[in-house]
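A structural walkthrough
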Amino acid sequence: MAKTKKGQSSQGIDLIENPEALANKAEQFFENKRNQNILFGVLTVILLAVAGVMFLRYQSTSQNREAQQEMFQAIYYFESDSLTKALNGDGNNYGFLDITDEYSGTKAANLAKFYIGAIYMRLADYEGAIRNLQDFSSGDYLLQARAYALIGDAYMELDDFDNAVSYFERAADYRPNKEFTPIYLKKWAIAEEARGNYAAAASAYGSIVSDFVGSSLEQEARKHKARLEGLAVD
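Residues numbered from 1 in each chain as written. Predicted model: local features only at pLDDT ≥ 70, side-chain atom pairs only at ≥ 80, totals over all residues. Heavy atoms only, no water.

1. Quick look at helix 8 (residues 141–157)
Residues separated by three or four positions in an α-helix point in the same direction, a consequence of the helix having 3.6 residues per turn. The terminal C-alpha atoms of helix 8, which comprises 17 residues, lie 25 Å apart, in line with the 24 Å expected from a rise of 1.5 Å per residue. Buried residues along helix 8 sit in contact with helix 6 (107–122), helix 7 (126–135), helix 9 (161–173) and helix 10 (181–194). The backbone nitrogen of Leu142 lies 2.9 Å from a side-chain oxygen of the residue at the head of helix 8, namely Asp140. (Helix = DSSP H or I, 4+ residues; strand = E, 2+ residues; numbered from the N terminus. Expected span 1.5 Å × (residues − 1). Contact = heavy atoms within 4.5 Å. Polar contact = N/O pair within 3.5 Å; in protein donor to acceptor, adjacent residues only side chain to side chain.)

The following block contains the structure:
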């Protein structure tokens, strides 16, 4: 058999340059029963994988739609201040805890964790509130920041000012906006003052003054900023 200059077989080059040789090679491959079994096995695995992904997407969409429908009554109870029914259901309709159990992994179950956290806050179960709100995740700039702030509130109730500062800072930094960010900055300042960090508290109030001119909290922030700056010097 002819050799290339590097001592390699010219068979590979023949297959590229000679379409008929390439066709014969392919025919030989498919005629080999073992190769057929391998090929069909690979194709079967690929088809099953694609079908599985499509089924999971459909299942997820279907479950999420069902979970959202089930959650309407729980939301109604929450808005009506019937917190126990909102949490546990009424015997006929699911509560938020049922939603997280029955529809785990859906967007509705994720949102239910936010409601559960908010309910636990109002029931003074601060550790339960923290646990559920930390499990909640959303791209919504209002809800996610609000969840961080609620976690901060829970830590404040537990006198854990270090963690409270951390979560108020997250709330203030998450997609800042003029409606809610000044509120989170004020909470951040209060938590900093509670742990004796007067300079950081003054700085948080200063952010309201400089970054949110016209905010309803601006004048209050100016007053506390001046007071804390005095304390920081002492």
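2. With respect to helix 9
Its 13 residues place the ends of helix 9 18 Å apart at the C-alpha level, agreeing with the 18 Å of an ideal helix rising 1.5 Å per residue. Those residues of helix 9 that fall on the buried side of the exposure criterion are Ala164, Val165, Tyr167, Phe168, Ala171 and Ala172. Contacts from the buried residues of helix 9 go to helix 7, helix 8 and helix 10. Once helix 9 finishes, Arg175 follows within two positions and takes phi at roughly 45 degrees, a positive value. (Buried < 20%, exposed > 50% of the residue type's maximum accessible area, 1.4 Å probe, protein only.)

3. Focus: the nonpolar core
Of all hydrophobic cores here, the largest spans 56 residues; its most connected members are Met71, Phe78, Phe96, Ile119, Leu133 and Trp188. The biggest single contributor to this core is helix 6, with nine residues. Beyond its immediate chain neighbours, meaning those up to four positions away, Phe78 contacts Leu83, Ala86, Phe96, Tyr115, Ala118, Ile119 and Arg122. (Core = buried A, V, L, I, M, F, W, Y, C linked by side-chain atoms within 4.5 Å.)

4. So, the packing of aromatic side chains
Within a pair of aromatic rings, the relevant descriptors are the distance that separates the centres and the angle that separates the planes. Tallying each qualifying case throughout the model produces nine aromatic pairs. With a centroid separation of 5.0 Å and 80 degrees between ring planes, the pair formed by Phe78 and Tyr115 is classed as edge-to-face. Taken together, the residues span a long stretch of sequence, with Phe78 in helix 3 (residues 33–79) and Tyr115 in helix 6 at a distance of 37 residues. In terms of burial, Phe78 and Tyr115 fall into one category: buried. Ring centres 6.3 Å apart and planes at 70 degrees place the aromatic pair Tyr94 and Tyr103 in the edge-to-face group. We classify Tyr94 as partly exposed; its relative accessible area is 28%. With a relative accessible area of 6%, Tyr103 lands in the buried category. An aromatic cluster of three or more residues is present, and its members are Phe78, Phe96, Phe114, Tyr115 and Phe136. Across the ring face of Phe78, the terminal group of Arg122 is positioned such that the distance to the ring centre comes to 5.6 Å. We note Arg170 situated over the ring of Tyr167; from NZ or CZ to the ring centre the distance is 4.5 Å. (Phe/Tyr/Trp six-rings, centres within 6.5 Å; stacked < 30°, edge-to-face > 60°. Lys NZ or Arg CZ within 6 Å of the ring centre and 35° of its normal.)

5. Remarks on the pattern of salt bridges
Under the criterion given, the structure shown has eight salt bridges. Close ionic contact of Glu220 with Lys186 constitutes a salt bridge, the shortest N to O distance being 3.0 Å. Taken together, the positions of Glu220 in helix 12 (residues 218–233) and Lys186 in helix 10 put the pair 34 residues apart, joining distant regions of the chain. Two residues, Glu218 and Arg222, come together in a salt bridge whose shortest N-O distance is 3.0 Å. One end of the pair, Glu218, and the other, Arg222, are both in helix 12, four residues apart, so they sit about a helical turn from each other. Bridged by salt links that share partners, the residues Asp162, Glu192 and Arg195 form one connected network. (Salt bridge = Lys/Arg side-chain N within 4 Å of Asp/Glu carboxyl O.)

6. Quick word on the environment of Thr181
Secondary-structure assignment places Thr181 in helix 10. Residue class for Thr181 comes out buried when judged on its relative accessible area of 3%. Along the backbone, Thr181 and Ser207 are 26 residues apart, and their C-alpha atoms lie at a distance of 9.8 Å. Contact partners of Thr181, with chain neighbours within four places excluded, come to Ala172, Pro176 and Phe212. Of note is the side chain of Thr181, whose polar atom sits 2.7 Å from the backbone nitrogen of Asn177.

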